[in-house]
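Residues per chain, in single letters:
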Amino acid sequence: MRAITVHDRDAGVDGLTLTDMPYPHAAENDVIVRVHAAGFTPGELDWPATWTDRAGRDRTPSIPGHEVSGVVVELGYGTTGLTVGQRVFGLTDWARNGSLAEYTAVEARNLAPLAADIDHTVAAALPISGLTAWQALFDHAHLTTGQTVLVHGVAGGVGSIAVQLAREVGAHVIGTGRADDRELARTLGAQTFVDLDAEGLEHVGEVDVVLDVIGGDILRRSTELVRPGGTLVTIAAPPTVQPRDGRAVFFVVEPDRARLADLVHRVRTGRLKPVVGAVRPLSEAAAAFVRHRRTPGRTIIRIAEEHGTPYPSTDNGAAQPDRQ
């Protein structure tokens, strides 16, 4: 099968290559998914699990990408809850080969059923961004109606979903980004926008919750905005400074089949709209990792359509429909 692989940790993005890899093995409780669309995180080339297994052993060449949408083609021993031919989406394991391939092996419990009317490119944009936003706002920060939340990176995958989820529960949302993110922030539901290149965070005032995806100086300055009893949640790095009379939480997103099902139901009913900024073929996945390429929302890799033919590249932000 064709897959994007990495061999050399020091090579970074330049080490990503499109190669032939063996068809994956379905371990106990696994399924093999024919991948139709895949999502990735540019920073995952820096993650230790990209290069080693859970025991710390080298596992290169490894396949990056941890969001998958596709069709089940094989069941491992003991696998229940899913069937061959079923459309699914979800998270692949951090320390195993991922989704930037024509086929991938995934634990069945990490996947949720996908309705026929949801495009694979939309579904592939949901697992990490959707679960991260939900777990940050509600599992860790316990955001409720009437509170104020500051969402950094409002045009990104996590931020764009977090704004919509927070607005739905009746929170006041302040979004941050660059100047050209202002209109998207407004469309998503943010009542206030802060241009981090031109405006200071100091004028935001106190907030109940901060969702940080940036880290560094932005994370440090954001701790000063958390009112007593509030929470700063970050996915960038463990915080070195705590808010005064508040909490700071760092976490890594966890698989959750029930929550994935809830998120995709929100998409079906129009309550949630993932932002897919670009759709590219597998042959262009390496180029899509380059950090200076700034596209609102998520860049999704389209690998095959429903009948198996590769999709062409598109940069217009519109997910191409499945041909069933």
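Just so you know, these numbers come straight off a predicted model, no measurement behind them.

Caption draft 1: Fine view of the overall build of the protein chain. Looking only at helices and strands, the protein chain features seven helices and 15 strands. Its C-alpha radius of gyration of 19 Å places the protein chain within 12% of the 20 Å reference for a compact globule of 324 residues. The principal-axis extents of the C-alpha atoms in the protein chain amount to approximately 55 × 45 × 40 Å. For the protein chain, the proportion of contacts with a sequence separation of at least 24, taken over those separated by at least 6, is 63%. Of the roughly 13700 Å² of accessible surface on the protein chain, 50% is carried by carbon and sulfur atoms.

Caption draft 2: How the structure looks around the confidence of the model for the protein chain. Averaged over the protein chain, the pLDDT score is 92; the fraction of residues at 70 or greater is 93%. Segment residues 308-324 is flagged for pLDDT under 50; beyond a separation of four residues in sequence, or across chains, it makes 49 contacts in the model.

Caption draft 3: Representation of the environment of Val213 within the structure. Along the chain, the position of Val213 falls in the loop between strand E11 (207-212) and helix H5 (216-223). The exposure class assigned to Val213 is partly exposed, which follows from its relative accessible area of 28%. Beyond its immediate sequence surroundings of up to four residues, Val213 is in contact with His152, Gly153, Val158, Ile235 and Ala236.

Caption draft 4: Inspection of the nonpolar core at higher detail. Grouped together as the largest cluster of nonpolar side chains are 43 residues, with contacts concentrated most on Phe89, Leu126, Leu137, Leu143 and Val149. Listing elements by their share of this core, those giving two or more residues are strand E5 (87-91), helix H1 (120-124), helix H2 (127-140), strand E8 (148-151), helix H3 (157-168), helix H4 (182-188), E11 and helix H6 (257-268). Counting residues in hydrophobic clusters, the runner-up holds 30 residues, among them Met1, Phe40, Trp51 and Phe289.

Rules behind the numbers
Residue numbers run consecutively from 1 along every chain, following the written order of its sequence. Whole-chain, interface and lining totals are the exception, using all residues; otherwise, since this is a predicted model, local features are given only for residues with pLDDT of at least 70 and side-chain atom pairs are given and counted only at 80 or more. To get the side-chain values, all heavy atoms of the structure are used, and hydrogens and water are removed first. Numbering of helices and strands starts at the N terminus; helices are DSSP runs of H or I of at least 4 residues and strands are runs of E of at least 2. Our radius of gyration looks at C-alpha atoms and nothing else; its globule reference is 2.2 Å times the residue count to the power 0.38. We call two residues in contact when some of their heavy atoms are within 4.5 Å. For the accessible areas, the method is Shrake-Rupley and the probe is 1.4 Å, while residue cover comes only from the protein chains on display. How sure the predictor is of each residue is captured by pLDDT, a score from 0 to 100. Relative accessibility under 20% of the residue-type maximum defines a buried residue, over 50% an exposed one, and the middle range a partly exposed one, all with a 1.4 Å probe and only protein chains included. Grouping buried Ala, Val, Leu, Ile, Met, Phe, Trp, Tyr and Cys residues that are joined through side-chain atoms within 4.5 Å yields what is termed a nonpolar core.

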